[in-house]
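Letter by letter, the chains look like this.
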Amino acid sequence: MFFLLIFLVACDYSKTSDTQQLKNLACEAGLACTFPNGVKVWLSDGDLSPETPFSIFAELPKGHVITNAKLEGVTMYMGYIPQQFKRYGNTWQSETMVGICAEKNMLWKLILNVTDEATQQSNSVYYYFYVTY
């Protein structure tokens, strides 16, 4: 009984479906995406598995920096996973992995906060991808 209670607390089933979450997005989940603000995001692999390392890449417009980034489960909310991006020339990279839960095909969301260094104006992009086992 105790383990069931822990499982239910750790994995919160979302009330909205993956289809509803992705309905109005300009990009397909898991594919390289260039957002209207010029930020481009892609993954090291199109076929991701839980508890297996992968990389997230981003290219930003000149004069912009990543100020905060995290991963959140969409299919099931499992808290968030902070992301540490490192800059390599024009490309930013984060090494990460996600946990496993009850869903075999889990939708995740990268929330990437980007700031223009000249104006200090910030905005966020939301990049979605699936992890399957």
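The structure we're discussing is the one just above.
Remember, it's a predicted structure, so these values are computed and weren't measured experimentally. (Residues numbered from 1 in each chain as written. Predicted model: local features only at pLDDT ≥ 70, side-chain atom pairs only at ≥ 80, totals over all residues. Heavy atoms only, no water.)

1. Concerning the pattern of salt bridges
Here is the rule: Between Lys or Arg on one side and Asp or Glu on the other, a salt bridge is scored when a side-chain nitrogen of the former is within 4 Å of a carboxyl oxygen of the latter. Buried residues are those whose accessible area, probed at 1.4 Å on protein chains only, stays under 20% of the maximum for their type, while exposed residues exceed 50% and partly exposed ones sit between those limits. Put simply, DSSP marks the helices as runs of H or I at least four residues long and the strands as runs of E at least two long, and each gets a number from the N terminus on.
For the coordinates displayed, the defined rule picks out two salt bridges. We note a salt bridge from Lys-70 to Glu-72, for which the minimum N-O separation is 3.6 Å. By relative accessible area, which is 24% here, Lys-70 ends up partly exposed. One salt bridge in this structure joins Glu-72 and Lys-109, with 3.9 Å as the shortest N-O distance. Here Lys-109 lies in strand E10 (residues 105-116) and Glu-72 lies in strand E5 (residues 64-73), a separation of 37 residues in the sequence. The burial state of Glu-72 is the same as that of Lys-109; both residues are buried. Overlapping salt bridges bring together Lys-70, Glu-72 and Lys-109 as one network.

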